Structure formats: structure tokens, C-alpha cells
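Residue-level structure breakdown
The lines below spell out each chain.
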Amino acid sequence: MTTLVAGGFALGFRLDDLHNGLLAVVFTAVGLYVVRQRPVNREAWLFVATGVAQAAMFAARQYGLHSPALPAASWIGWLGVWPLSLVFVLTAVTLMSFPTGRLPSPAWRAAVCALALLGVVLAAMSALWPVEYGRVPLAAPHPLHVPGAATAAAVHPVAIAIGYPAFQLVWVVCAIGRLVRADGDESRQLRWFVLAVAATGMVMAAGLIGWGTPVPGLLAVPLVPLAAGAAILKYRLYDVDPVINATLVWGAMAAVVTLGYAVVVVAVGSLIGGSGTLLALLATALVAVAFEPLRHRAQRVADRVVYGRRATPYEALSRLSAQLTGPASGLLDGLCATVAEGTGARRVVLWTGPADGLRAVSAWPAGYPDEVRTLDELTLGGHAVPVAHGGRTVGTLAVTMGARGALTSQERGLLADLAAQAGLVLELRASAQRLVVAGDEARRRLERDLHDGAQQRLVTVALELGALAKAADGATAFAERAESARQQLLAATAELRETARGLHPAVLTQDGLEAALDFLADRSAVPVRLHVAVDRRLPPAVEATAYFVVSEGLTNAAKHAQARITTVTARLTGRGLLLEVGDDGVGGAQARPGSGLEGLTDRLAALDARLIVDSGPTGTRLRTVIPCG
């Protein structure tokens, strides 16, 4: 390769052929260097093959262009012209296979076959007839004299007008499609590649606009294999996303301005037979009017290409604000998903508690460790941002970025903004939970006071009345009235006991959830099929909430649903305590304002749970999953 390129340059310097020599050097050098570092890299060997093919064509063309003609210049120069379309196909396949050395999917094999067939047809035409010699002024004539030259000369311009752009368009579309779907290491590598392609396109556009020649762009083409080699070996050198984004936007706008100006000045001018200052001003005005809407659309396309389907910072904050105004259930999971979409993180975990005792409460994707960590430990394992509210640390957002490693400054700012919003979310959640706990404690205290105070005194009075009735010998009327008063007092005591149980059942505190649900089933006016699989005590707030959910479901089934049987299921799952209360009644249950179901909905929301009410003609089913911490 070195001999071919060096020999070609020794035969003379030709600006319009310089890029071929540079491509040969760069493709081969980058390919060999990558092979030395990573011998199993398939893409590197494709680079070497492309570089050697370019070198052979460059040397043969330089030999044929030398004036006066050198010995055998007719045949050697011929070798530098006709394989051009095949080299285009090889280059396209090399770029389509970047960075893995394989096509993105088997579907692209059909496109490669079509390109290969087109390349063979164009190469055969150029090999048999001098159809390219008008563009490449070789010193010696075409070595073959095959009949049909006139037909070939008429067909060939149409064929290359289709084929040469197709060679470029197919690999560009393939690379963009691959970038949109890629993630991790491959995404980072492709972004360097796209940056080089976009920069080359801008240089070519500038050359066409400023000097009317594509030579500057052709000389910039070697940047593509250079960037590809750098991406293969050191794709984590810098964060190039903002650069790629801006390059794509302004490259597209440069093309739009050029095309718009050309259409108005050239096309319109040829139709109306005018030219000059008036048409130039008209073109400028039209471009100015269309510039901003087109720039906005180009920016959206560039964002999608560079960042994929990641949410912009504004979209991420807007989404979180919408979640804050929606149902409380699932809010923490939504917060983690929003952080992931805004930063492109591979994993996001929300931890709550002080800096030296953090416990995971939500994650994206779902699933988080059941352990206690410190803020320092989380920071060592990735990116951890403290979540604070009112100057007090209430949690931490831990973000894992995967192969990319570092966050951009924009992503760090977005993460800080989302952490500030998360502080408010966690504080509201903690306040709601404190209210539930305080309410349950007040219920227990009131139940204890009623049991130990008023209820005991009423029982004592009933005993006294019973003793008085027995002591009233001969005073029948007096004894009957005393006994009647005692019975009414016992009834009042029973009602008071029921009221105390409704405030907070003592059996729940003493014996746990399973015993409390057995108690509800035994007292239900409708037969109950009870299925309980809870093998441990749960947090008091969870047990109390589960008790009231089942109690409300059984009460509604007896009073409103006209049910014949109810089914209660309570079991522990990976997500928490699963509760289901179903009946075969008439349905019609709704969480109306002021109803018991609405109260259950609010209580469950404070525990990051949601009440699902499915009520129809075949019955009603209440379902929820309460996180157990």
C-alpha cells in the first residue's frame, strides 16, 4: 500500500485526485492500527481492504494521468478507472458495518446485494467502453474497442446519476438508523462517526457555495475514517453530543439555504427569463421567512438522532410536574422513570432516609435492593445526588450511566433540578405517612381509654345493679326495673365495645393481621372465603390499612351489594401485601366524595399504594398492593 501511494504521488500532484490518495492512506493506516490493538475487530479488516483498494486505484489512475504517457499507460490507467463503482460498494459496506464489522440486521443484506449488482453493471460498462474517460482525462486511450460505445455513452450518464448517489445514500441512511437504535458503547462510537460525516458535509457545502467546487469537501472525507478509528479505540475521550447536535442542525440549515437560493434564482429565473438583484432579494426574503420554522424542525430531528428518545430537560420537568398533580400512587416510580428519560441513565434508584442510613424505596427499571447504604457508598458506585428539603437531607438519587460513564453539564443540571423536586415529593410522602401513623396511634389511644376507662366503669355499674336486683327481696317491681336498667347498661357497653373495635381493633395489635381478618370474617353478615398467607408481622400502618380495606369491603358487600358470598385474599408478594376483596353482588360501588372508599383511597395513597375498584353487574372487587418497606 505504501509503495502504491508513494509511487502515485511521485508521478505528480493533482488536486482533483488528492482525496483518493488520502483515503487510501487513512483507511489503511487506521485499519492496521486498530488490527494491532484489537486483532479480532472485523471492522478494522474492512478498513484495510478499503484502503488497499483505494491505493491500487489511486496509483493506477496517477500512472494513466501522467503526461507524456508512460509504457502500458493505456491498460494501467484503465485499471484506475473502471473499478470505481466496486470501490464505492466496498466503502459503503465498510461504513454500513461500522462499528461492529457486521450489518445492523439481516434486512440490510438485500440493500448490499442491490448495491453490488449496480456496482458490477457500472464497472462492466466502464471496463468495456470509455464512458468515464471524458471525466478522467487519461493520457492514453481506452485499450478496448467493443461495439456499442454510442449506446453505452447514452445509458451511462443515467446509470451513474442513479448509482453514485445511491452508494452514498444507502450507507448514510443505514448509519443514521443504527445510531437511533443504538445504546451504550455502540451509540458513543456512532456519534463520533456521525460528527465526522456531518462536518465533511458542511465543508463540501461551503466549497460548493463559496467556490463552486466540491474539492474542499472531498479533501475533508478522510476525517470520516479517522473519527471512526478514534471511536473504535477511545470512544470515551470527550462528550461530543452537543457538538454533533449543533453540527447537524446548522449543516441541515446550510443545505436548506443553498437549495432555496438555487431554486429561486436558477429555477425561477430560467422560467421567467430574469435574473439579478431582484431574484436574489426574493430568494433572501423567502429563506428568511422559512428559516426559523425549518430550524426548529431540524433541531427536533437532531435531538432525536443524537439523544434517541430521551426527554429534553423541559420535557422531563414538565412530566414530573404533571405527575405531582396526578394520583399519588406510583409517584416515586414515575420520578425514577423521569430521571432516566431525562439523563439517558441505565438505572435510577431513589433512596430515602439520612445520609448515613439510606434505604431504597423505588427504582427504574423495577427492582431495588433491600439494604441500608450510606451516601458515600452510593457516590463511589456511581452518580448520587442528595435529595434535600428545608435544609434537611431526606434521600438520595443514585444514577448509573453504564458505558458512557460521565454526565454532561446539562444532565448534571437536570439531575439537580429533579432532585430538588424529589425533595418536595419525599417530604409530602413522609408527611402523609406521619399523618396515617399519628391517626392510628390516636385510634389506639382512644380505644385503650374507652376500654380501660368508660367501659370498665359501665361494667362496674352493671354489676352493682345486678347485685341490687338480687338483694331486693319481695320488692318485685323494684327488682324488675333494676334488671331492666342493667340490661340497657350491658347493651350500651356492647355498643361502646364495638365503637372501640372500630376505632382500632385490639386483636390486630395483639395477634396480628391474620387473626384480625379471621375476626372480621367470623362477624361478617355474608359468608366469607378467607385466604391469608402472611407469615410475619408487618408495619403497624400496613396492618391497620389492610384491616380497614377488608372491613370496608365486607361492610359494603353486606349493606349495599346484596351479596351471597365474599372472598378475601391477603398474601405477601415481591411488591408488598396483596389484598383482594370480592363479592357476587349487584355492583355499583364507586369512590364518591365523602364515602368510605374515598377514605381508603387517600389512606392507601399515603403508603404509595392504589385502590382499584372493579364493580359491575357480576359483583365488586377491591384490589391493592401495599408496599411493606
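Residues numbered from 1 in each chain as written. Predicted model: local features only at pLDDT ≥ 70, side-chain atom pairs only at ≥ 80, totals over all residues. Heavy atoms only, no water.

Considerations on the overall build of the protein
In terms of regular secondary structure, the protein is built from 21 helices and 10 strands. Going through the 629 residues of the protein one by one, you find that 41% of them count as buried. If you sum the accessible surface of the protein, you get close to 31,700 Å²; carbon and sulfur atoms cover 63% of it. (Helix = DSSP H or I, 4+ residues; strand = E, 2+ residues; numbered from the N terminus. Buried < 20%, exposed > 50% of the residue type's maximum accessible area, 1.4 Å probe, protein only. Areas by Shrake-Rupley, 256 points an atom, 1.4 Å probe, with all protein chains shown as cover.)

Here we look at the sheet that holds strand 10 (residues 619-626)
Strand order in the open sheet formed by five strands is 6-7-8-10-9, with mixed pairing between adjacent strands. The strands lining the two open edges of the sheet, one partner per strand, are strand 6 (528-533) and strand 9 (612-616). Here the strands of the sheet are splayed against their neighbours by 5 degrees on average, with no regard to which way each runs. Pairing analysis gives six bridges linking strand 6 to strand 7 (residues 566-573), with the strands arranged parallel. Residue Val528 lies in a different strand from strand 7, and its bridge partner there is Thr566. Packed on one face of the sheet, helix 19 (residues 513-523) meets strand 6, strand 7 and strand 8 (576-583) and runs near 180 degrees to strand 6. (Pairing = 2+ DSSP bridges. Axes fitted to C-alpha atoms, helices over the stretch in contact; angles between N-to-C directions. Contact = heavy atoms within 4.5 Å.)

A word on unusual backbone geometry
For the bond from Ser67 to Pro68, the omega torsion is 0 degrees, close enough to zero to count as cis. Tracing the sequence through the fold places Pro68 in the loop between helix 3 (42-65) and helix 4 (73-79). Phi is positive for Ala72, which is not a glycine, with a value near 60 degrees. Located in the positive-phi region is Gln562, a residue other than glycine, with phi close to 55 degrees. Looking at the element boundaries, Gln562 is found in the loop between helix 20 (540-559) and strand 7.

Describing the pattern of salt bridges
According to the stated counting rule, one finds five salt bridges in the structure shown. Between Asp584 and Arg564 there is a salt bridge, with its nearest N and O atoms 3.6 Å apart. Separated by 20 residues along the polypeptide, Asp584 in the loop between strand 8 and helix 21 (596-605) and Arg564 in the loop between helix 20 and strand 7 bring together distant segments of the chain. Note on Asp584: relative accessible area 27%, which makes it partly exposed. The shortest N-O distance in the salt bridge between Arg621 and Glu580 comes to 3.3 Å. A residue pair is termed long-range when its members are at least 10 positions apart, and Arg621 in strand 10 and Glu580 in strand 8 qualify at 41 residues. Through salt bridges with shared partners, one network takes in Glu580, Arg621 and Arg623. (Salt bridge = Lys/Arg side-chain N within 4 Å of Asp/Glu carboxyl O.)

Details of the confidence of the model for the protein
Residue-level pLDDT values for the protein average 76, and 66% of them are 70 or greater. At the low end of the mean pLDDT range in the protein sits helix 11 (residues 241-272), at 53; at the high end sits helix 6 (residues 108-128), at 93. Low confidence marks residues 235-241, where pLDDT is under 50. Its contacts with residues over four positions away, or in another chain, come to 22 contacts. (pLDDT = per-residue confidence, 0-100.)

Concerning helix 7 (residues 149-181)
In an α-helix there are 3.6 residues to a turn, and that puts residues three or four apart on one side. The first and last C-alpha atoms of helix 7 sit 47 Å apart over 33 residues, in line with the 48 Å expected at 1.5 Å per residue. The largest bend along helix 7 measures about 30 degrees and falls at Val155, with the proline Pro157 one to four residues further on. Those residues of helix 7 lying buried are Ala152, His156, Ala159, Gly163, Tyr164, Phe167, Trp171, Cys174, Ala175, Gly177, Arg178 and Leu179. (Expected span 1.5 Å × (residues − 1). Bend = angle between axes of the 7 residues up to and from the residue.)

Some points on the nonpolar core
Met96, Leu115, Phe167, Trp171 and Phe193 are the most contacted members of the largest nonpolar core, which totals 36 residues. Here Leu115 is in contact with Val89, Ala92, Met96, Ala166, Phe167 and Val170, once residues within four sequence places are set aside. Within the second largest apolar cluster, 30 residues are counted, among which are Leu513, Val549, Val550 and Val568. (Core = buried A, V, L, I, M, F, W, Y, C linked by side-chain atoms within 4.5 Å.)

Structural notes on the environment of Val112
With respect to the helices, strands and loops of the structure, Val112 is situated in helix 6. Through-space distance from the C-alpha of Val112 to that of Phe167 is 9.6 Å; in sequence the pair is 55 residues apart. Look past the residues within four positions of Val112 in its chain and what remains in contact with it is Val93, Met96 and Leu103.

A word on helix 6
The end-to-end C-alpha distance of helix 6 is 30 Å, a good match for the 30 Å that 21 residues give at a rise of 1.5 Å each. Within helix 6 the residues assigned to the buried category are Trp108, Val112, Leu115, Gly119, Leu122, Ala123, Met125, Ser126 and Ala127. In this structure, the buried residues of helix 6 make contact with helix 4, helix 5 (84-96) and helix 7.

Thoughts on the packing of aromatic side chains
Considering all chains together, one arrives at seven aromatic pairs under this definition. On the basis of an interplanar angle of 85 degrees and a centroid distance of 5.2 Å, the ring pair of Phe88 and Tyr164 is categorised as edge-to-face. Taken together, the residues Phe88 in helix 5 and Tyr164 in helix 7 connect sequence positions 76 residues apart. Among the residues examined, Phe88 registers a relative accessible area of 24% and is labelled partly exposed. Summarising the aromatic geometry, the rings of Phe88 and Phe167 are spaced 5.9 Å apart at their centres and angled 50 degrees between planes, so their arrangement reads as tilted. (Phe/Tyr/Trp six-rings, centres within 6.5 Å; stacked < 30°, edge-to-face > 60°.)

Re the environment of Leu4
Here Leu4 is to be found in helix 1 (residues 2-10). Judged by its relative accessible area of 34%, Leu4 falls in the partly exposed class. Along the sequence, Leu4 and Gln54 sit 50 residues apart, while their C-alpha atoms lie 9.7 Å from each other. Residues in contact with Leu4, not counting those within four places in the same chain, are Ala55, Ala56 and Ala59.

Some points on the packing of helix 3 against helix 5
At a closest axis distance of 9 Å, the pairing of helix 3 and helix 5 adopts a crossing angle of 160 degrees. Looking at the two axes, helix 3 sits roughly antiparallel to helix 5. As for the relative orientation of helix 3 and helix 5, their crossing is left-handed in sense. Each of Glu43, Leu46, Phe47, Ala49, Thr50, Ala53, Gln54, Met57 and Arg61 in helix 3 lies in contact with helix 5, whose residues at this interface are Leu84, Val87, Leu90, Thr91 and Thr94. (Parallel < 35°, antiparallel > 145°, perpendicular 65-115°, else oblique. Left-handed = near helix turned anticlockwise from the far one by under 90°.)

Digging into the pairing of strand 9
Of the strand pairs in this sheet, strand 9 and strand 10 are connected by five bridges, and their pairing is antiparallel. Within the sheet, the bridge partner assigned to Gly616 lies in strand 10 and is Gly619. Between strand 9 and the antiparallel strand that follows it, strand 10, lie two residues.

Some thoughts on the side chain of Thr566
By the secondary structure assignment, Thr566 is in strand 7. Take Thr566: its relative accessible area is 1%, and that puts it in the buried class. Discounting residues that sit within four places of it in the chain, Thr566 has contacts with Val526, Pro527, Val528, Arg529, Leu554, Ala557, Gly582 and Asp583.

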